[in-house]
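Chain by chain, the residues run as shown.
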Amino acid sequence: PLSRSGCHRTQGSRPFCLSAARAILGKWGGDEGKQKLTLKDVAELLRKKECQRVVVMAGAGISTPSGIPDFRSPGSGLYSNLEQYDIPYPEAIFELGYFFTNPKPFFTLAKELYPGNYRPNSAHYFLRLLHDKGLLLRLYTQNIDGLERVAGIPPDRLVEAHGTFATATCTVCQRNFPGEDFRKDVMEDRVPCCPVCTGVVKPDIVFFGEQLPQRFLLHLTDFPMADLLFVIGTSLEVEPFASLAGAVRSSVPRVLINRELVGPFAWQQRHNDVAQLGDVVGGVEKLVELLGWSDEMQTLMQKEKEKVGRGSERQLPPQPLHSLCWSYPGEWVTTLPRVQKTPKATQT
């Protein structure tokens, strides 16, 4: 089973913010019987800029409303395309041993997920607004679809914990390339090859057994600095990503926007935890309304829609998080317990 031992609280830290935040949060301590924080309270903290170092943890639930397909669903076009390869089990697509034997299934999936095929939704643009207003310290995402970049969040504010299609590496000579260099090959169903040594070029997506990107180590400074944490659309079951939810100071509010309680929100609640349960996009839009950002959000989305170009207009109905297996390898442990694999953290 996945370990949750990485969850911890940092002791002895000063209060997370001042003035109005003290007025709001001073009513609540960690003792029993204390009043709990609400989503409206969190919106007030943001509106008054009493919290200005916001860290976000995002998962598959923010991207399914954009139409990203679940390649494990029989009847979907992507599932049918993969059937021809007789894959032993779905996780094999993200296993290096299988990739070196037969890279075609991975690149079939890559063709579907390659940046440009889908558009961000309001959850992504909420995160963009946090950045535009100077409130976003960092966005940690488990997704490999690149929709955060498409929404306009700059790479220096992103930690793509399970990798990205934006860059690629030759599996033989280890040369690095922009992912866009191989778009034509992927779109035309060819396995990309290194122009120098002819080795297979693999997008920098984290496969089972591979180390997480070096940027993941930013969590060592980001989470102790954070004064507000959002956890949006994730099951918090994949380590080491999941443990980050416990890495902010105990005085820092944590806001879960998700279909169900997960991780420490289910088994280690704090007095200043807020849970907005149900449809993820609906939860985000409720927060945006409380913030008074609705008009600004609509203007931004319309402007960006014109820039992004033609993408998928399909909108999938809300799905339970345990079915969202398209986005990152480790999530499959929630639906396929016989294969439990966890990406390795970078060692220091």
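Given the structure is predicted, the values throughout are model-derived calculations rather than measurements.

(A) Looking closely at helix α11 (residues 280–291). Helix length check: α11, at 12 residues, gives a terminal C-alpha distance of 17 Å against a target of 16 Å (1.5 Å per residue), a fit within 8%. Along α11, the positions that sit buried rather than exposed are Val280, Val281, Gly283, Val284, Leu287, Val288 and Leu291. Along α11, the residues classed as buried sweep out an arc of 160 degrees about the axis, all on the same side. Its side-chain oxygen placed 2.7 Å from the backbone nitrogen of Gly282, Asp279 serves as the N-cap of α11. Gly292 sits one or two positions beyond α11 and adopts a positive phi of about 75 degrees.

(B) Just the pairing of strand β8 (residues 254–258), in detail. β8 sits mainly inside the fold: five of its five residues count as buried. Here β8 shows two buried faces, one formed by Arg254, Leu256 and Asn258 and the other by Val255 and Ile257. Bridge count between strand β7 (residues 228–232) and β8: four bridges; the pairing is parallel. Looking across to β8, one finds that Val231 is bridged to Leu256. In terms of strand pairing, β8 meets strand β9 (residues 273–277) through five bridges, oriented parallel. Paired with Asn258 across the two strands is Leu277, which belongs to β9.

(C) Seen up close, the sheet that holds strand β6 (residues 201–205). Pairing within the open sheet is antiparallel, and its three strands lie in the order β5-β4-β6. Strands at the two margins of the open sheet, each flanked by one partner only, are β5 (176–178) and β6. Each adjacent strand pair in this sheet contributes to an overall mean axis angle of 40 degrees, direction not counted. Both strand β4 (residues 163–170) and β5 contribute to a ladder of three bridges, which runs antiparallel. Each bridged residue has a counterpart across the sheet, and for Thr167 the counterpart in β5 is Pro178. In this fold helix α5 (residues 104–113) packs onto β4 and β6, with an angle of close to 55 degrees to the strand it touches most, β6.

(D) Examining the UniProt feature "binding site: Zn(2+)" (unreviewed entry) in the protein more closely. The positions that UniProt labels "binding site: Zn(2+)" (unreviewed entry) are, in the present scheme, Cys170, Cys173, Cys194 and Cys197. Judged by maximum C-alpha separation, these annotated positions cover 28 residues in sequence but sit close together in space, the widest gap being only 8.5 Å. Set against the largest pocket, the annotated residues named above that line it are Cys170. As for its placement among the helices and strands, Cys173 is situated in the loop between β4 and β5. If near-sequence neighbours (up to four positions away) are discounted, Cys173 is found in contact with Cys194 and Cys197. Among the structural elements, Cys194 can be located in the loop between α8 (183–187) and β6.

Procedures and definitions
Residues numbered from 1 in each chain as written. Predicted model: local features only at pLDDT ≥ 70, side-chain atom pairs only at ≥ 80, totals over all residues. Heavy atoms only, no water. Helix = DSSP H or I, 4+ residues; strand = E, 2+ residues; numbered from the N terminus. Expected span 1.5 Å × (residues − 1). Buried < 20%, exposed > 50% of the residue type's maximum accessible area, 1.4 Å probe, protein only. Arc of directions from axis to C-beta. Polar contact = N/O pair within 3.5 Å; in protein donor to acceptor, adjacent residues only side chain to side chain. Pairing = 2+ DSSP bridges. Axes fitted to C-alpha atoms, helices over the stretch in contact; angles between N-to-C directions. Contact = heavy atoms within 4.5 Å. UniProt positions renumbered as here; feature names shortened; annotations may be inferred. 1 Å grid on protein atoms, 1.4 Å probe; cavity = no way out; pocket = protein on both sides within 12 Å on 5 of 7 lines; lining within 4 Å.

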